[in-house]
Amino acid sequence: MKTLVISMGAAVLLAGCALGIQPDGNSPSISYSVPRSYQTVYLRAQNQAAECLTAKKQYDVYAQVDPALQTGQVAVRSHLGDIEVARTEIKAIDDKNTQVTHTVWGRSPWDQDALEAMRHSIRMDTSVCVAYK
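The paragraphs below set out a description of the structure included in this document.

Reading the values: rules and limits
Residues numbered from 1 in each chain as written. Predicted model: local features only at pLDDT ≥ 70, side-chain atom pairs only at ≥ 80, totals over all residues. Heavy atoms only, no water. Helix = DSSP H or I, 4+ residues; strand = E, 2+ residues; numbered from the N terminus. Contact = heavy atoms within 4.5 Å. Core = buried A, V, L, I, M, F, W, Y, C linked by side-chain atoms within 4.5 Å. Buried < 20%, exposed > 50% of the residue type's maximum accessible area, 1.4 Å probe, protein only. Salt bridge = Lys/Arg side-chain N within 4 Å of Asp/Glu carboxyl O. Expected span 1.5 Å × (residues − 1). Polar contact = N/O pair within 3.5 Å; in protein donor to acceptor, adjacent residues only side chain to side chain. Disulfide = S-S within 2.5 Å.

### Examining the environment of W110
Here's step 1: One can find W110 in the loop between β5 (97-104) and α3 (112-124).
Here's step 2: Along the backbone, W110 and V85 are 25 residues apart, and their C-alpha atoms lie at a distance of 6.5 Å.
Here's step 3: When near neighbours in sequence (up to four residues on either side) are disregarded, W110 contacts L53, A55, Y59, V85, A86, V104 and W105.

Below, the structure is given as structure tokens:
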């Protein structure tokens, strides 16, 4: 009986504490455009995620690109249940400009500082792991 009560309590706690990026759009995000091709932005986002967002290999980077639609996505997911903690979505505006949206879980280290580092990485063409103010 005691085990059942503990199990039910854990389930209630986990249900109240959603893990990862929320599908309802309530996770922190930023959108902007940059004067770079979508391929360049895709590679930069993929590199920054691998260098900065995998927490000592506890998370994996999943990247996909669609050349026909000129879009791409780079996601960082945990090994436990494929929980997505960070995501970059890109879409070509034209040959030289790209729309970028970064979304994070909202809990450290995937928080507002991570969003700023992700944005700086795209804009500065180098991996930025910490947001400087």
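Further notes follow.
### Some thoughts on the nonpolar core
Here's step 1: In this structure, L53, V76, A86, V104 and W110 are the most contacted members of the largest nonpolar core, which totals 25 residues.
Here's step 2: Residue assignment for this core shows that the elements contributing at least two residues are β1 (29-34), α2 (38-52), β3 (71-78), β4 (84-94), β5 and α3.
Here's step 3: Here this core gets 6 residues from one element, more than from any other, and that element is α2.

### Digging into the pattern of salt bridges
Here's step 1: Across all of its chains, the model carries 4 salt bridges by this definition.
Here's step 2: Here D125 ties to R36 by a salt bridge, and the two come within 2.9 Å at their closest N and O atoms. On the criterion of sequence distance, the pair formed by D125 in the segment after α3 and R36 in the loop between β1 and α2 is long-range, its members being 89 residues apart.
Here's step 3: Exposure remark for D125: the relative accessible area of 41% places this residue in the partly exposed category.

### Points about α3
In an α-helix, one turn spans 3.6 residues, which is why side chains three or four residues apart end up on the same side.
Here's step 1: Across its 13 residues, α3 extends 18 Å between first and last C-alpha, which sits within 8% of the 18 Å expected from 1.5 Å per residue.
Here's step 2: The complete set of buried residues in α3 reads A114, L115, A117, M118, R119, S121 and I122.
Here's step 3: The inward-facing, buried residues of α3 abut β1, α2, β4 and β5.
Here's step 4: You can read the cap of α3 off the contacts: a side-chain oxygen lies 3.2 Å from the backbone nitrogen of D113, and it is on D111.
Here's step 5: Positioned one or two residues after α3, D125 has a phi angle of 60°, which is positive.

### Quick notes on the state of the cysteines
Here's step 1: Scanning the model with the defined rule gives 1 disulfide in all.
Here's step 2: The partner cysteine of C52 in its disulfide is C129, sulfur to sulfur 1.9 Å. Disulfide C52-C129: the torsion about the S-S bond is -65°, which places it as left-handed. Pair noted here: C52 is in helix α2 and C129 is in the segment after α3, with a separation of 77 residues, a long-range link.
Here's step 3: A relative accessible area of 19% means that C52 is categorised as buried.
Here's step 4: Residue classification places C129 among the partly exposed residues on the basis of a relative accessible area of 45%.

### Notes on the environment of W105
Here's step 1: By the element assignment, W105 lies in the loop between β5 and α3.
Here's step 2: Residues W105 and I83, 22 residues apart in the sequence, show an inter-C-alpha distance of 9.5 Å.
Here's step 3: Look past the residues within four positions of W105 in its chain and what remains in contact with it is A18, L19, G20, I21, S27, P28, V85 and W110.

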